[in-house]
Amino acid sequence: SLTGPGGTVTILGASQDLSQSNVLLTVSTLADQDSYMVTVNNLTDQTSAANLIAANSQASFIASAYVPVAIGNPPSGGQLVVSNGLTITSGGNAIGGTSDQFQFSYKLVSGNFDLEVRLAGLSLSDTWAKAGLMAREALTPGGRFAAALGTPAINGCFFEWRDPANSANQSAGGFPDNYPNTWLRLNRVGNVFSGFASYDGQTWTLLASQTITMSNQLYLGFAVDSDQTNQAVTAQFLQITNTPANAVTGTVANPYEPPAACSRTAP
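Here the structure is a predicted model, which is why all the values come from computation and not from measurement. Along each chain, residue indices are assigned from 1 in the same order as the chain's sequence is written. For this predicted model, a pLDDT threshold of at least 70 governs which residues receive local features, and a threshold of 80 or more governs which side-chain atom pairs are given and counted, while totals over whole chains, interfaces and linings are taken from all residues. Only heavy atoms go into the side-chain values, all of them from the structure, while hydrogens and water stay out.

## Things to note about the packing of aromatic side chains
Here a Phe, Tyr or Trp ring, Trp counted by its six-membered ring, pairs with any other such ring whose centre lies within 6.5 Å, and the pair is stacked when the planes are under 30 degrees apart, edge-to-face when over 60, and tilted otherwise. With the rule as written, the count across this model stands at 10 aromatic pairs. Taken together, the ring pairs in this structure connect Phe102, Phe104, Tyr106 and Tyr219 into an aromatic cluster. Here, over-ring charges are defined by two tests on the NZ atom of lysine or the CZ atom of arginine: distance to the ring centre within 6 Å, and angle to the ring normal within 35 degrees. Across from the ring centre of phenylalanine 196, 4.2 Å away, lies the NZ or CZ of arginine 185, which sits over that ring.

## Considering the sheet that holds strand 6 (residues 57–62)
What makes two strands pair is DSSP finding at least two bridges between them. By definition, any uninterrupted DSSP run of H or I lasting at least four residues is a helix, any uninterrupted run of E lasting at least two residues is a strand, and each is numbered from the N terminus. One open sheet accounts for 4 strands, arranged 2-1-5-6; its pairing is antiparallel. Of all the strands in the sheet, the pair left with one neighbour each is strand 2 (7–9) and strand 6. Strand-to-strand twist across the sheet, computed as the mean angle between neighbouring axes with direction ignored, equals 30°. Where strand 1 (residues 2–4) and strand 2 come together, 3 bridges link them in antiparallel fashion. Bridge pairing in strand 2 links glycine 4 to glycine 7. For helices, the axis comes from a line fit to the C-alpha atoms of the stretch in contact; other axes are also lines fit to C-alpha atoms, and the angle between any two N-to-C directions lies between 0 and 180 degrees.

## Regarding the pattern of salt bridges
A pair is scored as a salt bridge if a Lys or Arg side-chain nitrogen falls within 4 Å of a carboxyl oxygen belonging to Asp or Glu. Applying the stated criterion to the full structure yields 7 salt bridges. Aspartate 100 is the partner of arginine 136 in a salt bridge, and the nearest nitrogen-oxygen pair spans 2.7 Å. In this pair, arginine 136 sits in strand 12 (residues 130–136) while aspartate 100 sits in the loop between strand 9 (85–90) and strand 10 (102–110), placing the two residues 36 residues apart along the sequence. Here the two residues arginine 136 and aspartate 100 agree in accessibility, since each one is buried. Using a 1.4 Å probe on the protein chains alone, a residue whose accessible area is under 20% of its type maximum counts as buried, one over 50% counts as exposed, and one in between counts as partly exposed.

## Considerations on the pairing of strand 20 (residues 233–242)
Relative to strand 20, strand 9 runs antiparallel, the two sharing 6 bridges. Residue pairing for strand 20: glycine 85 is matched across the bridge by leucine 238. Bridge count between strand 11 (residues 113–122) and strand 20: 6 bridges; the pairing is antiparallel. Within strand 20, the residue paired with leucine 119 across the bridge is phenylalanine 237.

## Some details on the sheet that holds strand 15 (residues 170–175)
Spatially, 7-10-19-12-13-14-15 is the arrangement adopted by the 7 strands of the open sheet, whose pairing is antiparallel. Strands with a single pairing partner mark the edges of an open sheet, and in this sheet they are strand 7 (67–71) and strand 15. Strand-to-strand, the axes of this sheet are offset by a mean angle of 25°, without reference to chain direction.

Bear in mind that shape data such as this cannot, by itself, settle questions of function.
In structure tokens:
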């Protein structure tokens, strides 16, 4: 049985997956970010002993509208749904060049969108590890995309895109990271894609815009790469929400010089 905030959830079917060690439940629609409890009785394993699961075995989980997928077959990665967001891990080479390798969590959207998120943290494997919002035309490594991305350190936030498919990626713009308050935003108006960054999720700085003639339906969600094939990183995406219509775009006055490669030889 499956229960949630609205009571009992209808289970439409149950089947084993190809591994024969997992049972897949088909259920009625769940609500994004709501908590649910699954209770299992009278289930045996496939040994000759037919060992029976303990009565009323339970596990809780938080539902998510975002589907995890590995683009370009990175060696590791996955998605953990947490209260108010997602934690995504990824190994893999990079989002970049002519072929991407990274972990992606997406939902299908059609037409215009305007999505924002607080990137609360990104662990350091390489200064060019990346995490952020991405709209992608295909789940193939060379697919066209537009993305607002952050890095763990001095490279900050920027806008990145690929057009046409299988061509080299390009990037533009810059904004300092400010963990745990690095905010990213990505929107689409027609064929114009724009990336933004913010310190507080209220006043946004435009990173860059690019006109890309992509299909009406896209894969929209959260992308993470390590930039070190065999070393995984973890990114925390919290406060995922549609950007309000009255969002302010302006220039943020930074009270300090952003971290960068430098030489301090003068007084």
